[in-house]
Amino acid sequence: VLEEKMQVLIINGSPRKNGVTAAVLHRIEENLRGAGIEVLFYNLEEMKMSHCTGCNYCYRIGHCCMEDDAELLSKRIEEVDGIVLGSPTYASNVSGLMKDFIDRGHFVMEQLLHKKYCIAVASGENYGSQDTLKVLKNLVLFSGGRLSGQLRIQAGFNDLEGMMRKRKSQIDQVAQSFIRAMKLKQCYPIQSIIHFFIFHLGIKPFVKKKGTLYQGIRGKWSKLGIT
């Protein structure tokens, strides 16, 4: 029996397709492809993605009323084994593109990253990149994902050569740990405990209280085997 090939989705949340964030993500991509893993690489800058209007339509029927590339990416995430999320730091937060994607994605309430292996990548020149990384890490944890790697890259504007010279080894180490985690189906007990309390004491009771208004969410949970 042939072993099914693993797939990983890499999302570049920077409007710069050749900037520091992209360089780190492409280095991770090289590691993944070298291990025989299929990679789907998306630049959010190239995607057609409207702002979330906060209508909660997706919670009721299980998908967004706007059928654009944000929905396409959500469906791709459902199919892959791992996700790599990368964003530059703008005003001590993720980029506007990444924020739109987070708002439009079916992440926390619908548990889109359920048992998916993930890497969070944040780049920036100063302290604010810590906040960006925290946003991405919390997104993974609250959405049921398994955070198997994180990278906070401090680099000067467009200093790709200097950044890669200093951080190449670290990027490779994180990528290789990510690969091992997926292949060995590694578990993270502390993350699991934290997520258990977040889901069972926060998200689940809230959705249950909403009844049929949030029946789309319950449909997603059923599909994922979440009880």
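Residues numbered from 1 in each chain as written. Predicted model: local features only at pLDDT ≥ 70, side-chain atom pairs only at ≥ 80, totals over all residues. Heavy atoms only, no water.

**Q** Is there a simple way to think about the side chain of Asp172 in this case?
**A** As for its position among the elements, Asp172 is in helix α6 (residues 160–184). Filtering out sequence-adjacent residues up to four positions away, Asp172 remains in contact with Arg27 and Asn31. (Helix = DSSP H or I, 4+ residues; strand = E, 2+ residues; numbered from the N terminus. Contact = heavy atoms within 4.5 Å.)

**Q** What exactly am I supposed to notice about the sheet that holds strand β1 (residues 7–12) here?
**A** Strand pairs in the sheet, formed through backbone hydrogen bonds, run parallel or antiparallel to each other. Spatially, the five strands line up as an open sheet ordered β2-β1-β3-β4-β5, and their pairing is parallel. The sheet is open, and its two borders are formed by β2 (38–43) and β5 (146–154), each paired with just one other strand. For this sheet, the mean inter-axis angle between neighbouring strands, taken without regard to orientation, is 15 degrees. In terms of strand pairing, β1 meets strand β3 (residues 82–88) through five bridges, oriented parallel. (Pairing = 2+ DSSP bridges. Axes fitted to C-alpha atoms, helices over the stretch in contact; angles between N-to-C directions.)

**Q** Is there a simple way to think about the nonpolar core in this case?
**A** Among soluble globular proteins, nonpolar side chains are generally buried collectively. Residues Ile28, Leu32, Val84 and Met163 are the most contacted members of the largest nonpolar core, which totals 29 residues. Of all elements in the fold, only β1, α1 (20–34), β2, β4 (117–124), β5 and α6 reach the threshold of two or more residues within this core. In terms of residue count, α6 provides more of this core than any other element does, nine residues in total. Sequence-distant contacts of Leu32, that is, excluding residues within four places in its chain, are made with Val8, Ile10, Ile37, Val39, Phe178, Ile179 and Met182. The next biggest cluster of nonpolar side chains, apart from the first, holds 28 residues, and it includes Ile77, Ile83, Leu85 and Phe107. (Core = buried A, V, L, I, M, F, W, Y, C linked by side-chain atoms within 4.5 Å. Buried < 20%, exposed > 50% of the residue type's maximum accessible area, 1.4 Å probe, protein only.)

**Q** Looking at this structure, I do not really get the pairing of β5. What am I missing?
**A** The two faces of a sheet get side chains in turn, since along a regular strand they alternate between them. Two elements, β4 and β5, share eight bridges in a ladder whose sense is parallel. Its bridge partner being in β5, Cys118 is matched across the sheet by Leu147. Read as a crossover between parallel neighbours, the route from β4 over helix α5 (residues 129–142) to β5 is right-handed. (Right-handed = clockwise from strand over helix to strand, strands pointing away.)

**Q** Where do I start with the packing of aromatic side chains in this structure?
**A** Within a pair of aromatic rings, the relevant descriptors are the distance that separates the centres and the angle that separates the planes. One pass over the structure, following the stated rule, counts five aromatic pairs. Members of the aromatic cluster, joined through ring pairs, are Tyr59, Phe206 and Tyr214. (Phe/Tyr/Trp six-rings, centres within 6.5 Å; stacked < 30°, edge-to-face > 60°.)

**Q** I tried to follow the pattern of salt bridges on my own but got confused; where do I start?
**A** Side chains carrying opposite charge are able to pair once their charged atoms draw close together. Enumeration according to the criterion identifies nine salt bridges in this entry. Among the salt bridges present, the one from Lys223 reaches Glu78, with a minimum N-O distance of 3.3 Å. Within this pair, whereas Lys223 is found in helix α8 (residues 215–224), its partner Glu78 is found in helix α3 (residues 69–79), the two being separated by 145 residues in sequence. Under the relative-accessibility criterion, Glu78 is labelled partly exposed at 30%. (Salt bridge = Lys/Arg side-chain N within 4 Å of Asp/Glu carboxyl O.)

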